[in-house]
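Read off the chains here:
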Amino acid sequence: MHHFIDRRANPKGKSLGNRQRFLRRARENIKERVDQSVRGKSIQSGSGVQDEGEKVTIPTRGLKEPRFFHSSKGGLRRHVLPGNKDFVVGDTIKRPDGGAGEGGRKASEDGDGADEFSFTLTQEEYLEILFEGLELPDLVEKATVETETIGTRRAGLTTAGTPNNLNLVRTMRNSLGRRIALQRPTTKSQRDLEEQIAELEALEERSPPQEAFLAELQKKLEGILRKRKVVGYIDPLDLRYDTFVPEKIRNSRAVVFCLMDVSGSMQEREKDLAKRFFLLLHLFLERCYEHTELVFVRHTHHAQEVDEETFFYARETGGTIVSTALEKMKEIIEERYPPDEWNIYGAQASDGENFGNDSVRCKNLLLNDLLPVSQFYAYVEIVDEAAEMLLNNPEAGEDLWQNYREVKGQAQHFEMQRVSQPGHIYPIFREFFLPKVKGAQNAGS
Amino acid sequence: MQAAEKARKPLFDGPEWTFELMETARDAIEEIALGDLGLDVYPNQIEIISAEQMLDAYSCVGLPLMYQHWSFGKHFARDEALYRTGRQGLAYEIVINSNPCISYNMEENTMAMQTLVMAHAAFGHNHFFKNNYLFQQWTDAAGIHDYLAFAKNYIAACEERYGPCAVEEVLDAAHALQSQGVFRYGRPPKPTTEELVAMQKVREGYESGQSVLDIWTDTTLGRDKLELVEDADFSARRKQMNLPQENVLYFLEKHSPVLEAWQCELLRIVRMLAQYLYPQKQTKVMNEGCATFVHYYIINKLYGQGQITEGAYMEMMHSHTNVVLQPEFDDPRFSGLNPYALGFAMMQDIRRICQDPTDEDREWFPDFAGDPDWRKVMRDAWANYRDESFIQQFLSPHLIRKFKLFTLTNDADLPNLVVSQIHNRAGYKAIRRDLAKQYDLAYLEPDIQVTDADLRGDRELKLTHTVRDGIHLDEEDQEEVLKHLRRLWGYDVSLDAVETACEN
């Protein structure tokens, strides 16, 4: 008795439990590497994480499966090997480097000899580790109010339509094929014939053979002209039109505004911290929205929209007027990102300095214009590592900080934090996205 | 007349396989395997699986059901990475020593490959599993599925009850001692699942009662015994605990002062599976040699009868040639002797010695040189040997010359490696002996035994590593394993290396 069984339809992921156990086991190592990989990334171009997952290489410590096995060194061993060419008994061979005889350590030690272990984390797992315990603010709410607009989608070709939808390429391709198939005389052959005729006609006296030739040519020309008329250059048969069908489009789109002070006081260290902050926000949002865009706005005493490279690495001098950046953001929203189609997120990084009484202006801009259309707005103030006092005391601070504190008092979806070193980014970032109840507690304490 | 004509028609034409085609191919293979070669097989259960399922099976040492552990996840991640980057292909099949005999065939295989794989696994390996004495005596082909199911459920239940971390700790330690969890000489019992569950319940009940009793007897009744002379005490312990004991896991399961009943059961599961897989480790060359010989014979026979098209035959031979490729020692592809190559060559050689013996063969193999029934000679060999003894008995000078085998001696005391034997009359016997030793697990794996444990004294567990040929244990790993051992034993553990004289 025998039988065949088709197992292919069996549920996938039989080893999922093993994988989870493995990831849990290697969590510390993996987390370290994931944190490192964040540092080296561009926010935009790599868009954080590839769809197919993230390759990580972790050290094998903690993942070792030790066994009792023979050391590869020392002792007396004999190896039987195939392929003797010209050895005779008693020949000596220099010991290969490392002193170990080949084959001394058998392959069955399951490759544990390597110090590094590479494998691929899925995107899900990568983000899970990166954003452990985080939650997008008001995600549910916004997910339900995702707007729908009617758009159009191309739906192939038809033979009838309006001229504005004419598909030239396809039409001309058909025309060319038809002309070749029906042997339509070319314009050149017509011209040549006409020239010959003109030449003959120009002669004052024609010999009879020439007369006959002329008559023949004229007849030929007549034929060509007739054929060119019958076989048109473009025939109604050739015409092709694009067609479009209307379609509902969901707006699962988000735009992240990265605002940063780039005046002289913002050095490499400050920018590096800010970059991580923006990167994390973008990575997180990308997970929740089908489409996310980034807008980089830098400012000194005036604001500019720039690309990522310029944003992080170009130098600029000038004073510091924060409100210019907020103005710019407002402008861009009005121009390109209608709030009923886009989920808007703001992220601002600064060293806390501002010009004169500009901070009040900032407060008003935020409260009146930006926060009402935004999903979430986060502000980080990057302070000196020595500024213990500021880190520990949220009440102390300069003008901008004080005004923003007022904003925070009035808006639920506004968050602010101080950071001074890379280690601060993670926990603080997490606080931004803690479920609301806890977030409120943190703010209160 | 009609039947003969039908047999001459190709079984299939084209690369696509279907279940109907596989059914016909299987029938044709069976006819040759049973009728011509006289094989004796378990009923076949042939399962078609996808690449991912194959990777799954890989990570769980090829078993269809396995308890969950992070190390399997690690192996899966590694194999998957290798496979996805194209650095490692997947096997065409995996076959399991069970009754019915389950073989997994990859869905990507062409019809020609499916035919080859069926002949190889469903008949070659299957016959070997059913008939080889090691498998017959040491494994329970009918019960393995039930046991695996039991193990999986039991461990899952433990995880729920005691937490995954506690279970992981025991399993990690048990895995580290897996190679020390087999009986090499004594025979393990063969209980069924129902018995196992019943036994385990009884054990749990008994042992929880026992531990209370132990304290009582120790403190009240056992006192006078302690007065006895040390030596007598020692030999009493040795007798009572069956010392020395090579199966360390077994010893811990029975005598560890700190393990609870469920933890002992985990050790038992790990050592039962190690024991189940142990014969496969001892018969790599023979098992693959047998399967490769069987598929080669059957394919050629089918082709001879016109049941396989020329194209399919070429495809099968291409694959066959790849499998039995043996790179020479200085070839960059060389990674040791290929068990498929050596096994297949030895099987072919036995057939040659039976059918067309030379004088040399008659001198070396008087028992079977010129034997008219080569099939029977071969079946006997498959049934009654393991790699080590098989090579010792059947490796012929002809083959040693063909492979140009030579022995390289690596003595740490000498500055250079020395070629000690080559394929000449003086070297045949020594090469054969050296090669056989290379497949002797008792020699390859470290000889570690429990020699003493005084439960009434300091409770130190004493292990002895018998050092052969001056080869010691890898120190880094040794420390790690000892840590695991201490966890399982609960008290101090020492490992002494005892040198034996270098035999030459």
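Residues numbered from 1 in each chain as written. Chains lettered and ligands numbered in written order. Predicted model: local features only at pLDDT ≥ 70, side-chain atom pairs only at ≥ 80, totals over all residues. Heavy atoms only, no water.

*Asks:* Is there a simple way to explain the overall build of chain B in this structure?
*Replies:* Within chain B, the regular secondary structure consists of 23 helices and 8 strands. Of all 504 residues assigned to chain B, the portion counted as buried reaches 54%. Of the roughly 22,400 Å² of accessible surface on chain B, a fraction of 51% belongs to carbon and sulfur atoms. (Helix = DSSP H or I, 4+ residues; strand = E, 2+ residues; numbered from the N terminus. Buried < 20%, exposed > 50% of the residue type's maximum accessible area, 1.4 Å probe, protein only. Areas by Shrake-Rupley, 256 points an atom, 1.4 Å probe, with all protein chains shown as cover.)

*Asks:* What exactly am I supposed to notice about the environment of B:Lys9 here?
*Replies:* Residue and element names in this part refer to chain B. Within the secondary structure, Lys 9 is located in the loop between α1 (2-7) and α2 (19-36). On the accessibility criterion, Lys 9 (57% relative accessible area) is exposed. Spatially, the C-alpha atoms of Lys 9 and Gln 307 are 5.6 Å apart, while their sequence positions differ by 298 residues. In this structure Lys 9 touches Gly 306 and Gln 307, once residues within four positions along its chain are discounted. (Contact = heavy atoms within 4.5 Å.)

*Asks:* What's the story with the nonpolar core in this structure? I'm lost.
*Replies:* Among soluble globular proteins, nonpolar side chains are generally buried collectively. Grouped together as the largest cluster of nonpolar side chains are 79 residues, with contacts concentrated most on B:Phe293, B:Ile298, B:Leu342, B:Trp382, B:Leu395, B:Leu405 and B:Leu435. Sort the elements by how many residues they give to this core and helix α5 (residues 111-131) of chain B lands first, with 12 residues. Among residues more than four places away in sequence, those in contact with B:Leu405 are A:Val80, A:Leu81, A:Pro82, B:Leu337, B:Leu395, B:Ile400, B:Ile422, B:His423, B:Ile431 and B:Leu435. Within the second largest apolar cluster, 61 residues are counted, among which are B:Cys158, B:Ala173, B:Leu249 and B:Ala453. (Core = buried A, V, L, I, M, F, W, Y, C linked by side-chain atoms within 4.5 Å.)

*Asks:* Even after reading the chapter, I still don't get the interface of chain A and chain B, so can you show me in this structure?
*Replies:* Quoted interface sizes are often the accessible area lost when the parts come together. Each partner contributes residues to the interface: chain A has 61 residues there, and chain B has 99 residues. Across the chain A/chain B interface, buried area totals approximately 7,500 Å², and carbon plus sulfur atoms make up 55% of it. Looking only at chain A, the three residues that lose the most surface to chain B are A:Phe4, A:Phe68 and A:Arg78, adding up to 13% of its buried area. The interface formed by chain A and chain B holds 43 residue pairs in polar contact (both at pLDDT 80 or more) in total. Elements with a contribution of two residues or more to the side of chain A that touches chain B: β1 (3-6), α1 (16-25), β3 (76-81), β4 (92-94) and β5 (116-121) of chain A. Ranked by residue count, the leading element in the side of chain A that touches chain B is α1(A), at 7 residues. Residues belonging to the side of chain A that touches chain B are distributed by class as follows: 20 nonpolar, 19 polar and 22 charged. One ladder, built from 4 bridges, connects β1(A) with strand β1 (residues 44-49) of chain B; its direction is parallel. Residue pairing across strands places A:Asp6 opposite B:Ile48, the latter belonging to β1(B). (Buried area = accessible area lost by both parts, 1.4 Å probe. Polar contact = N/O pair within 3.5 Å; in protein donor to acceptor, adjacent residues only side chain to side chain. Nonpolar A, V, L, I, M, F, W, Y, C, P; charged D, E, K, R; others polar. Pairing = 2+ DSSP bridges.)

*Asks:* Help me out: how do you make sense of the sheet that holds β3(A) in this one?
*Replies:* Strand-to-strand pairing in sheets goes through backbone hydrogen bonds, with the strands running parallel or antiparallel. Taken together, the 4 strands give an open sheet; going across it, the order is β3(A)-β4(B)-β5(B)-β4(A), and neighbouring strands pair in antiparallel fashion. Sheet topology places β3 and β4 of chain A at the edges, where each strand pairs with a single neighbour. On average, each strand axis in the sheet is tilted by 30° relative to the strand beside it, whichever way the strands run. Bridge count between β4(A) and strand β5 (residues 416-421) of chain B: 3 bridges; the pairing is antiparallel. Each residue of the ladder has a partner; that of A:Thr92, found in β5(B), is B:Val418. Lying on the sheet, helix α21 (residues 428-438) of chain B is in contact with β3 of chain A together with β4 (406-411) and β5 of chain B; it crosses β3(A) at an angle near 105°. (Axes fitted to C-alpha atoms, helices over the stretch in contact; angles between N-to-C directions.)

*Asks:* Whenever I open this one, the environment of B:Tyr42 confuses me. Can you help?
*Replies:* Residue and element names in this part refer to chain B. For Tyr 42, the position within the fold is in the loop between α2 and β1. As a C-alpha pair, Tyr 42 and Ala 141 span 99 residues in sequence and 9.4 Å in three-dimensional space. With residues up to four places along the chain from it excluded, the contact list for Tyr 42 reads Asn 97, Ser 98, Asn 99, Cys 101, Asn 126, Phe 129, Lys 130 and Ala 141.

*Asks:* Can you help me understand helix α11 (residues 358-370) of chain A in this one?
*Replies:* The periodicity of an α-helix, 3.6 residues per turn, causes residues three or four places apart in sequence to face the same way. Residues and elements named next belong to chain A. For α11, every residue scored as buried is listed here: Asp 358, Ser 359, Cys 362, Lys 363, Leu 365, Leu 366 and Leu 370. Within α11, the buried residues cover an arc of 165° as seen down the axis, which keeps them to one side. Contacts made by the buried residues of α11 are with α10 (322-336), β12 (374-382), α13 (399-410) and β13 (414-419). (Arc of directions from axis to C-beta.)

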